[in-house]
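So the chains spell out like this:
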Amino acid sequence: MEQAQMKLMIPGPVEVDPKVLAALSEPVEPHYGDAWVKKYARVIDILRQIFNVAGKNYDVYLMVGSGTCAIDASMSSSLMRGEKIIIGNNGFFGGRLIEVAKNAGLNIVEVPGEWGKPLDPQAIKKALDANPDAKAVSVVHGETSTTVLNPVKEIGAIVAASEAIFLVDAVSSFGGIPFDMEDWNVDICASATQKCLGALPGLAPVSVSQKGWKTIDRSFDKGHSWYTNLQNWRKYGTEWADWHPTPVTMPTNNVNALLVALEQLMEEGIENRIQRYRSLALRLRKGLREAGMEPYTSDEMLNPVLTAAYAPEGHKSGEIIQYLLNEHHIQIGGGLGHLKDVVFRIGHMSPVVTEADIDRVVDALKAF
Ligand SMILES: Cc1ncc(COP(=O)(O)O)c(C=O)c1O
């Protein structure tokens, strides 16, 4: 099979613009010095706009690692072993939050939700009321396993009324779905570059509120790693800001590629980009129905960057995936957990996905 003809439409990593890829083959440069500091500042500046914290008292860092690195950092930087965290779990990645918290030795209060349904903010409130000693609440924004968007704003309003901080995994939504740290009362948001930003895997944007820092800066022995300790990212981001703004060697080519993707986003406009993703989602949903493959969630629960649909009667979703791959050179994703054979997932979270790509998938599905 010709690699060049393959259309990558999995729920991340995504296909990227050739100009983004081209930045990878530029000569390697140092991760310090005037030119680098200026470029890096521009990256952070654009990320601040996407977190909607431009000019606000929030910090933004670009960690080196996948999204899980940032999630790890959000939990282990702020909570001590044995401390209580409330975790909303309505999908595979909610379960992943629980695993990360377990690994950090945290005392987990799970608020189970139903796969395919958004988390119930009142259930989080009940858990907070019953556990006033909880130091944090954590949820996933876009639950990639089911495509469900959780009501982060509503949950954030509840958490804000308590002492707990609010940790959000926006790995598969950041840059493709509106996000607002302040309005949604998010204290630490963990994200990644290989999905809606249209860049490559390996970098993880993080934003931290002042309430987040207050919890992080309590003086105790957290016993977590130096690398994922957000205090170290802040220390170098301030003390060495004018020459070497990060605690570790940055993958400069990858950051340069991200900058190309971010400048493209600025050129298009965040709102326009988000609207474009949304209209692609609607187009795909219409086509899926015409193909007799009902979307997994209702249109009211539309995820603008990711759509799951049921395999037709008598077929496993794996058959659809193999068919698209082998006969149409389109790679989509399968279901996770108990949805493995039941649904397939089509990612349209890359800025290079067009209406013609959506039509190509739909036409192929109609011919199944
Ligand atoms: C919602 C969500 N959280 C976390 C992750 C894990 O991210 P990574 O694989 O970049 O570590 C993913 C990956 O797909 C995700 O979709």
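The structure this text deals with has already been given above.
Residues numbered from 1 in each chain as written. Predicted model: local features only at pLDDT ≥ 70, side-chain atom pairs only at ≥ 80, totals over all residues. Heavy atoms only, no water.

1. Here's the deal with the sheet that holds strand β11 (residues 306-310)
Working step 1: Taken in spatial order, the three strands of this open sheet run β11-β14-β13, and their pairing is antiparallel. The sheet is open, and its two edges are formed by β11 and β13 (333-334), each paired on a single side.
Working step 2: Here β13 runs beside strand β14 (residues 343-347); their pairing, made up of two bridges, is antiparallel. If you follow glycine 334 over to β14, its bridge partner there is phenylalanine 344.
Working step 3: Across the face of the sheet, helix α10 (residues 270-290) comes into contact with β11 and β14 while running at roughly 10° to β11. (Pairing = 2+ DSSP bridges. Helix = DSSP H or I, 4+ residues; strand = E, 2+ residues; numbered from the N terminus. Contact = heavy atoms within 4.5 Å. Axes fitted to C-alpha atoms, helices over the stretch in contact; angles between N-to-C directions.)

2. Examining unusual backbone geometry
Working step 1: Residue glycine 12 is joined to proline 13 through a cis peptide bond whose omega torsion reads 5°.
Working step 2: In the Ramachandran plot, asparagine 185 falls in the positive-phi region, its phi being about 55° despite a non-glycine side chain.
Working step 3: Residue position: asparagine 185 is located in the loop between β8 (165-169) and β9 (188-190).
Working step 4: A residue is classified by how much of its surface remains accessible, and asparagine 185, at 29% relative accessible area, is partly exposed.
Working step 5: Within the chain, histidine 329 stands out as a residue other than glycine whose phi angle is a positive 55°.
Working step 6: Residue histidine 329 is classed as partly exposed on the basis of its relative accessible area, which comes to 21%. (Buried < 20%, exposed > 50% of the residue type's maximum accessible area, 1.4 Å probe, protein only.)

3. Here's the deal with the site of the ligand
Working step 1: Among the 13 residues in the neighbourhood of the ligand, the closest are listed as Ser66, Thr68, Thr144, Asp169 and Lys195.
Working step 2: With respect to the ligand, the side chain of serine 66 contributes an N or O atom lying 2.5 Å from an oxygen atom.
Working step 3: In the model, an oxygen atom of the ligand is placed 2.8 Å from a nitrogen or oxygen of the glycine 67 main chain.
Working step 4: Contact with the protein chains covers 86% of the free accessible surface of the ligand, which is 390 Å².
Working step 5: Looking at the shell around the ligand, the element that brings in the most residues is helix α3 (residues 67-78), giving three residues.
Working step 6: In terms of residue class, the shell around the ligand is made up of four nonpolar, seven polar and two charged. (Near = heavy atom within 4 Å. Polar contact = N/O pair within 3.5 Å; in protein donor to acceptor, adjacent residues only side chain to side chain. Areas by Shrake-Rupley, 256 points an atom, 1.4 Å probe, with all protein chains shown as cover. Nonpolar A, V, L, I, M, F, W, Y, C, P; charged D, E, K, R; others polar.)

4. Remarks on the sheet that holds strand β4 (residues 107-112)
Strand-to-strand pairing in sheets goes through backbone hydrogen bonds, with the strands running parallel or antiparallel.
Working step 1: Strand order in the open sheet formed by seven strands is β2-β10-β9-β8-β5-β3-β4, with mixed pairing between adjacent strands. Only two strands of the sheet have a single neighbouring strand rather than two, namely β2 (59-64) and β4. In this sheet, adjacent strand axes meet at a mean angle of 20° when their direction is disregarded.
Working step 2: Where strand β5 (residues 136-140) and β8 come together, five bridges link them in parallel fashion. From the neighbouring strand, valine 139 faces β8, where its bridge partner is valine 168.

Function cannot be read off these values alone, since they describe shape.
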